[in-house]
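Next come the chains, spelled out residue by residue.
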Amino acid sequence: MGSMLLPTLRRKREVDAAIRDTLDKVLVLRFGRAADAACLHLDDILAKSSWDISKFTTVALVDMDSEEMQVYVDYFDITLVPATIFFFNAHHMKMDSGTPDHTKWIGSFSSKQDFIDVVEVSGLIVLYFSISLTHTSLLCDKQPHFSLSTRPIL
């Protein structure tokens with residue numbers, strides 16, 4: 001059943017909508033099973049920290065036992081639970097968590113503060129690169145453009 005405080009997504013269209021409609025926030029999706037002890041521990045950490053990070057993060061649980069979720073389970077190669085996946089503006093965020101797989105966080109976090117630290121760093125990186133990309137695109141318009149003209153060699 002998961003946490004009573006966090007939404008549980010059981011259908012593919014719910015996950016699609018969460019990924020597509022969560023704008024300017026980090027989306028955290030926990031893939032797992034409600035009966036698994038490690039998932040319950042992570043659910044507790046996510047529920048306790050969801051209010052603290054609610055300004056810049058949305059957290060949802062994904063029931064990976066649902067038949068419709070097998071598309072995501074296969075796509076993200078989820079074999080160990082819990083697996084936590086991060087998105088920003090419908091873009092999958094990859095991170096180096098010390099494992100060979102940079103597509104997801106595998107296992108539970110040790111404490112509430114560990115999870116908050118990971119989400120804050122992810123949010124700061126996204127914010128930094130979003131600002132950098134915005135400034136870069138604005139500055140490109142102000143750069144002089146040159147055209148190359150050639151004359152035939154006689």
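Please read these numbers as outputs of a predicted model, since none were measured by experiment. (Residues numbered from 1 in each chain as written. Predicted model: local features only at pLDDT ≥ 70, side-chain atom pairs only at ≥ 80, totals over all residues. Heavy atoms only, no water.)

> An account of helix α2 (residues 37-50) is needed here, citing residue identities and associated values.
Its 14 residues give α2 an end-to-end C-alpha distance of 20 Å, which sits within 8% of 20 Å, the value for a rise of 1.5 Å per residue. Within α2 the residues assigned to the buried category are Cys39, Leu42, Asp43, Ile45, Leu46, Ala47, Ser49 and Ser50. The opening residue of α2, the one whose side-chain oxygen lies 3.2 Å from the backbone nitrogen of Ala38, is Asp36. (Helix = DSSP H or I, 4+ residues; strand = E, 2+ residues; numbered from the N terminus. Expected span 1.5 Å × (residues − 1). Buried < 20%, exposed > 50% of the residue type's maximum accessible area, 1.4 Å probe, protein only. Polar contact = N/O pair within 3.5 Å; in protein donor to acceptor, adjacent residues only side chain to side chain.)

> Now, about the environment of Leu46: what can you tell me, with residues and values included?
Here Leu46 lies in helix α2. Taking relative accessible area as the criterion, Leu46 reaches 0% and is therefore assigned buried. The sequence separation of Leu46 and Phe109 amounts to 63 residues, and the corresponding C-alpha distance is 9.3 Å. Residues within four places of Leu46 in sequence aside, it is in contact with Leu6, Arg30, Val59, Leu61 and Phe115. (Contact = heavy atoms within 4.5 Å.)

> So what about the nonpolar core? Which residues, and what values?
Ranked by internal contacts, the top residues of the largest apolar core, which has 21 residues, are Val28, Leu46, Val59, Phe86, Phe109 and Phe115. Among the elements of the structure, β2 (26-32), α2, β3 (57-63), β4 (83-88) and α4 (112-142) are those that each provide at least two residues to this core. Ranked by the residues each element gives to this core, the list is headed by α4, at five residues. Those residues within four positions of Phe115 in sequence are excluded, and the remaining contacts are Val28, Ile45, Leu46, Ser49, Ile53, Val59 and Phe109. Counting 18 residues, the second largest nonpolar core, distinct from the first, contains Leu9, Ala18, Ile19 and Leu27. (Core = buried A, V, L, I, M, F, W, Y, C linked by side-chain atoms within 4.5 Å.)

> Can you tell me about the packing of aromatic side chains, naming the residues and giving the values?
Counted under the stated rule, the structure contains seven aromatic pairs. Considering the side-chain rings of Phe31 and Phe76, the 6.4 Å spacing of their centres and the 55° angle between planes classify their relative orientation as tilted. Placement of the pair is Phe31 in strand β2 and Phe76 in the loop between α3 (70-75) and β4, with a sequence separation of 45 residues. Here Phe31 matches Phe76 in class, with each residue buried. (Phe/Tyr/Trp six-rings, centres within 6.5 Å; stacked < 30°, edge-to-face > 60°.)

> Summarise the pattern of salt bridges; cite the residues concerned and give the values.
Here the structure, examined in full by the defined rule, presents six salt bridges. Linking Arg33 and Asp65 is a salt bridge whose minimum nitrogen-to-oxygen distance equals 2.8 Å. Of the two residues, Arg33 sits in the loop between β2 and α2 while Asp65 sits in the loop between β3 and α3, which places them 32 residues apart along the sequence. On the accessibility criterion, Arg33 (34% relative accessible area) is partly exposed. (Salt bridge = Lys/Arg side-chain N within 4 Å of Asp/Glu carboxyl O.)

> Talk me through the confidence of the model for the protein; I want residue IDs and the actual numbers.
When pLDDT is averaged across the protein, the result is 81; 79% of the residues are at 70 or more. The element-level mean pLDDT for the protein is lowest in α4, coming to 64, with helix α1 (residues 12-21) highest at 96. Note that pLDDT drops below 50 for residues 131-150; the model gives that stretch one contact with residues more than four away or on any other chain. (pLDDT = per-residue confidence, 0-100.)

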